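Survey of secondary and tertiary structure
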Amino acid sequence: MFIFYRIYQLVIALPLVALATLLTCTTVIIGCAIGNGHFWSYWPPKLWAMFICRILLLPVKVEGRENLEKGRSYVFVANHQGSFDIFLIYGFLGRNFKWMMKHQLRKMPFVGKACESAHHIFVDRRGPSKIRETYDKARATLREGMSLVVFPEGARTFTGHMGVFKRGAFMLADDIGLAVVPLTINGSFDVMPRMRDMRWVTWHPLTLTIHKPIEPIGKGNDNIRHLEEKSYDTVMSGLVKEYQGFVENKDQ
């Protein structure tokens, strides 16, 4: 079965994924240029992400969709297990949103241009003015009623375990007065950890757990700390036992 799955990836899945990625990026770039960017920045990538999981025969389970209130904006924060976090969240969260992502991703062929056209937010820490510009864009996005998805660790894990959470997402939620929704991802590290980027996919079920929103308790440092600590504990509690517990990530 192991050999057959690799042959299937090489002969069938990989060409179709490459074609789907090219078509999706082109559609997003052209669609956002024409108008209605919220539609074109979400639906084509959502279908693309779902297609990738399906064509690779990866079972997906989503828990907790009932915890989200229709029409309400949130700051979603998730652990960062691997590349397939993107497909799992984009394809199965069921909520239109913008990503906060590393500015280096802007350089990726086609994908970077599509993300720029979709007005996702590139996190640039190369100086105070760049950081300020990043957070100004994020605030504007949230004030428009759009949700935001952030990986507060800022880097993918090397072990499957969580590192520390950075405060930026929680400061934004505090600034706008939004609830934070923790997301726990299981399985992505087993499918393709960062040590095996762009190599064979390992078959493994994927699970996205949408926890109950963490409501603000006020405004300022106490609220930021409350959102951060409760989010961290909640995300951690949803991990499978094998990956529970803090492990330092030197890439953070």
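In this report, we go over the structure that sits alongside the text.

Thresholds, definitions, all that
- Residues numbered from 1 in each chain as written.
- Predicted model: local features only at pLDDT ≥ 70, side-chain atom pairs only at ≥ 80, totals over all residues.
- Heavy atoms only, no water.
- Helix = DSSP H or I, 4+ residues; strand = E, 2+ residues; numbered from the N terminus.
- Buried < 20%, exposed > 50% of the residue type's maximum accessible area, 1.4 Å probe, protein only.
- Polar contact = N/O pair within 3.5 Å; in protein donor to acceptor, adjacent residues only side chain to side chain.
- Contact = heavy atoms within 4.5 Å.
- Pairing = 2+ DSSP bridges.
- Right-handed = clockwise from strand over helix to strand, strands pointing away.
- Axes fitted to C-alpha atoms, helices over the stretch in contact; angles between N-to-C directions.
- Parallel < 35°, antiparallel > 145°, perpendicular 65-115°, else oblique.
- Left-handed = near helix turned anticlockwise from the far one by under 90°.
- Nonpolar A, V, L, I, M, F, W, Y, C, P; charged D, E, K, R; others polar.

Right, let's talk about the side chain of S73 for a bit. Secondary-structure assignment places S73 in the loop between β1 (60–63) and β2 (75–78). In this structure S73 comes out as buried when scored by relative accessible area, which is 11%. Among the polar contacts listed, one links the side chain of S73 to the backbone oxygen of G145, at a separation of 2.4 Å. Residues within four places of S73 in sequence aside, it is in contact with G145, M146, S147 and L178.

Below, the discussion takes up the pairing of strand β3 (residues 97–102). The element β3 is largely enclosed, with a buried count of 5 among its 6 residues. Pairing between β3 and strand β5 (residues 147–150): 3 bridges, direction parallel. Each bridged residue has a counterpart across the sheet, and for F97 the counterpart in β5 is S147. With 3 bridges connecting them, β3 and strand β4 (residues 121–123) associate as parallel partners. Each residue of the ladder has a partner; that of M100, found in β4, is I121. For the crossover that starts at β3, traverses helix α5 (residues 111–117) and ends in the parallel β4, the hand is right-handed.

Here 7 strands make up an open sheet; going across it, the order is β1-β7-β6-β2-β5-β3-β4 and the pairing mixed. Of all the strands in the sheet, the pair left with one neighbour each is β1 and β4. Pairwise comparison of adjacent strand axes, ignoring direction, gives a mean angle of 20° for this sheet. Relative to strand β7 (residues 206–210), β1 runs parallel, the two sharing 4 bridges. If you follow V62 over to β7, its bridge partner there is L208.

Turning our attention to the packing of helix α3 (residues 43–55) against helix α4 (residues 84–92). Where α3 meets α4, the closest approach of the two axes is 7 Å, and the angle between their N-to-C directions is 120°. As judged from the angle between their axes, α3 and α4 are oblique. The handedness of the crossing between α3 and α4 is left-handed. Residues P45, K46, W48, A49, M50, I52, C53 and R54 of α3 lie in contact with α4, whose contacting residues are F84, F87, Y90, G91 and F92. For the contact of α3 with α4, the per-class residue count stands at 10 nonpolar, 1 polar and 2 charged.

It is worth spelling out the environment of A138 at this point. Structurally, A138 can be placed in helix α6 (residues 128–143). Taking relative accessible area as the criterion, A138 reaches 0% and is therefore assigned buried. Separated by 31 residues in the primary sequence, A138 and A169 place their C-alpha atoms 9.3 Å from one another. Those residues in contact with A138 that lie beyond four places of it in its chain are M100, I121, L148 and L172.

That is the geometry; function is a separate question.
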